[in-house]
Amino acid sequence: SKVRAARTTSGSTDGLKLAPGEELWPETITTRGNTFVTDELAGALEAIATWSHEVTESKGFYDPGEIYDESTLLLMIHDELSEANEARRRGNPPSTKIPGHTQVAEELADALLRILCFGKQHGHDVVAAVMAKGFYNVGRPYKHGGKKF
């Protein structure tokens, strides 16, 4: 599968010294007592990315024949994060669009969907990158780089 292929490498990638076939992330992860199959997590994200892209296209916000300025689309992701911050500044009221959720959660969901859709539209394998980056971060030292937060 595409997800399984993304978990392994055919050689060095982005400066990582990996042997051919070596895995970029493990088969399972355990957090707070729950064990998850990483390929299933990545597969679920991949399904959400595909679905988000299909919805965007069906609502007229993406036409495969058109060229979309990537900078504008990236700024639209930033807009969603700014809207989440504004909602937080207003006390994080309940969403008026998705009952049972806050406005911050709604705007973060918008940002995530836009990120996943952007990846689909422009050939960036965001799902594999999320998985690989998450496991890269696991190996980093505590507060690496002398950062306070």
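This section reports on the structure supplied with the text. (Residues numbered from 1 in each chain as written. Predicted model: local features only at pLDDT ≥ 70, side-chain atom pairs only at ≥ 80, totals over all residues. Heavy atoms only, no water.)

As a further point, take the pairing of strand 1 (residues 28-31). With four bridges connecting them, strand 1 and strand 2 (residues 34-37) associate as antiparallel partners. In the strand pairing of strand 2, Thr 31 is matched with Asn 34. Here strand 1 folds back onto strand 2 in antiparallel fashion, the turn holding two residues, of which Arg 32 has a positive phi close to 50°. (Pairing = 2+ DSSP bridges. Helix = DSSP H or I, 4+ residues; strand = E, 2+ residues; numbered from the N terminus.)

Okay, a nonpolar patch on the surface next. Taken together, the side chains of Ile 48, Trp 51 and Val 55 make up a nonpolar region of the molecular surface, amounting to roughly 280 Å² of accessible area. Structurally, Ile 48 is set in helix 2 (residues 38-58). On the basis of relative accessibility, which here comes to 36%, the residue Ile 48 falls in the partly exposed class. (Patch = residues over 30% accessible without salt bridge, like charges linked within 9 Å, V, L, I, M, F, W, Y side chains within 5 Å. Areas by Shrake-Rupley, 256 points an atom, 1.4 Å probe, with all protein chains shown as cover. Salt bridge = Lys/Arg side-chain N within 4 Å of Asp/Glu carboxyl O. Buried < 20%, exposed > 50% of the residue type's maximum accessible area, 1.4 Å probe, protein only.)

In most cases, non-glycine residues show a negative phi, while peptide bonds are predominantly trans. A positive phi is found at Asn 92, a non-glycine position, where the angle reads about 55°. One non-glycine residue, Lys 143, lies in the positive phi region at around 40°.

Relative to the helices and strands, His 124 resides in the loop between helix 4 (103-122) and helix 5 (126-138). Once you skip the residues sitting within four places of it in the chain, His 124 turns out to touch Glu 70, Phe 118 and Gly 119. (Contact = heavy atoms within 4.5 Å.)

These figures come from the coordinates and say nothing about function on their own.
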